[in-house]
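A structural walkthrough
So you can see what is in the structure, the chains are spelled out below.
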Amino acid sequence: MAQTNNATLIRREIITRLCRLYAENRLDEIDRIPLEMAPRNTTAHNSRCCIHKARAIIRYRIMALLGFNVADETDELETLYSYALRSLAGTDRGKGVLTVVDEACTSCVKSNYTVSNLCRGCLASHCMVTCPKQAITMENGQARIDPARCVGCGLCQDACPYHAIIYVPIPCEESCPVKAIYRNAQGIEEIDYEKCIHCGKCMVACPFGAIMYRSQLIHVLHQIAKPAKPVVAMLAPAVCGQFRADYTAVAEAVKQLGFTDVFEVAEGAVLTARHEAGELAAHLESGREFLTTSCCPAWVEMAHKHLPKFLPDVSETWSPMRYSASMIREKYPDAMVVFIGPCVAKQAEALKYPGVDFVMTFEELGSLMIALNVDFQDSEASVPGEVIRERAFAISGGVAGAVAQYYQGEVLKPLVINGINKKNIALLRKLSATKHEYNLIEVMACEGGCLSGPAGISAPAVARKLFNARSGISVDQIAITGF
């Protein structure tokens, strides 16, 4: 899902500027970022309105990157520096992993249905007669839809003989597989955290960059600056698809950022695969028909919130992140543990389970490297040293393939759910209600697996090529055979 467009480039620039200010002990200048990024008498801010709105949008994006929910703002005159100090002091920053920058969320259509210039203003007025909410009137010989009354039923579109009424999607709402985002009375999108599974699809889909994840980066920088405790990073398997360098080179670059040590989450994935294989055998022996994987936090969240019938069959095995964190604490008992990956849902998982202190994204890692001028020499060898096959957890089908390597029991009949979307949710509902042949179901929220995570750097197609070249694992081979 990761995309490189103007909205993501602006977000990454803000992250880079924030990191640089902290590193140079100039955090008190944070309020200058909106002014510098949207200077007076230029069009650099690329605003559809005015420079003041452009600066407000940047300000609220910075609030999110400081860890705050934009909707919780109570004083519009409070400085960003004040927010930064509050964040570092551990002030309650509100709920939810994702937040909506309301100032940026004003440009989408007000109704999903609109009348095009194909309208002939016909005497029959099928659209007006059909509308159950009297939302359509005839003005100057053309139909007009009142967005305040329209309920989006689509009956007018079906009734128009000229096909003059078209459906215009609202990207964030269209992308959300669980209908957790909706337009409120003020016309601004709002996230229902009781439904949200933190998959990040809405963030990627929004063309205006109005949806942000609430970052923990400033806390990580603050911990690195403290010499009291070791700060240990663990890199998700998908890292092999993010940079044009092998894993060893990336790990060394991460150490240059100030981390005490770096662990590979693929090592924790080995334990996940082994334990899940044993759990699967015991689960089937107990009379249950199937087991689903548990390494994708968005899927586990969806099972709890939207598919409760699946809960008895969702694996209780720890995710690779949790196993890796426990391994780190054996070596560094008092360490601050930081997970770095492409997933925003990992932050929600880390909040629920002890052992992981903070979560960073690959996007933040790349921006931090730029801010601190840290680079790595690309290696000639594609994969130096040991190749951990559980790096395949980053790819759709990789988890099922890894479990298959350790499974000992009746014939394994896996099913891979490649991405959580409306179609696959309907399939999952059907699987939970009817008998089927599958006894292991792998579910990944992102199509293609973690390589397509919403907070990655590389586009999915590029990530697959890099992963093939750098991980020692063939993506195509995994998709077909498991390994």
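Further up the page is the structure itself.
So, here's what we can say about the structure. Not measured: the values here are computed from a predicted model. (Residues numbered from 1 in each chain as written. Predicted model: local features only at pLDDT ≥ 70, side-chain atom pairs only at ≥ 80, totals over all residues. Heavy atoms only, no water.)

1. Some points on the packing of helix α12 (residues 297–305) against helix α14 (residues 345–352)
Contact pair α12 / α14: the axes reach a minimum separation of 8 Å and the direction vectors enclose 70°. The orientation of α12 with respect to α14, classified from their angle, is roughly perpendicular. On the side of α12, the interface is formed by P297, A298 and E301, while α14 contributes A345, K346, E349 and K352. Among the residues forming the contact of α12 with α14, the class breakdown is three nonpolar, no polar and four charged. (Axes fitted to C-alpha atoms, helices over the stretch in contact; angles between N-to-C directions. Helix = DSSP H or I, 4+ residues; strand = E, 2+ residues; numbered from the N terminus. Parallel < 35°, antiparallel > 145°, perpendicular 65-115°, else oblique. Contact = heavy atoms within 4.5 Å. Nonpolar A, V, L, I, M, F, W, Y, C, P; charged D, E, K, R; others polar.)

2. Some thoughts on the sheet that holds strand β15 (residues 440–444)
Read across the open sheet, the three strands follow the order β11-β15-β14; overall the sheet is parallel. For this open sheet the edge positions go to β11 (291–292) and β14 (414–418), each flanked by a neighbour on one side alone. Examined bridge by bridge, β11 and β15 share two bridges and lie parallel to one another. Across the sheet, the residue bridging to T292 is I441, located in β15. The sheet strands contacting helix α16 (residues 398–406) are β14 and β15, and the helix crosses β15 at an angle near 145°. (Pairing = 2+ DSSP bridges.)

3. Structural notes on the packing of aromatic side chains
In this description, a pair of aromatic rings is defined by centroid distance and the angle of the planes. Tallied over the full model, the rule gives five aromatic pairs. Centroid distance Y113 to Y167: 5.2 Å. Interplanar angle 65°. Geometry classified as edge-to-face. With a gap of 54 residues between them, Y113 in strand β2 (residues 113–115) and Y167 in strand β5 (residues 165–167) connect regions that are remote in the sequence. For Y167, a relative accessible area of 34% corresponds to the partly exposed category. On the numbers, 5.5 Å between centres and 80° between planes, the contact of W299 with F310 is edge-to-face. Linking W299 in helix α12 with F310 in the loop between α12 and α13 (320–331), this pair joins segments that are 11 residues apart in sequence. Judged by relative accessible area, which is 0%, W299 ranks as buried. By relative accessible area, F310 is classed as buried at 1%. Taken together, the ring pairs connect F290, W299 and F310 into an aromatic cluster. (Phe/Tyr/Trp six-rings, centres within 6.5 Å; stacked < 30°, edge-to-face > 60°. Buried < 20%, exposed > 50% of the residue type's maximum accessible area, 1.4 Å probe, protein only.)

From the geometry alone we can't say anything about function, so treat these as descriptive.
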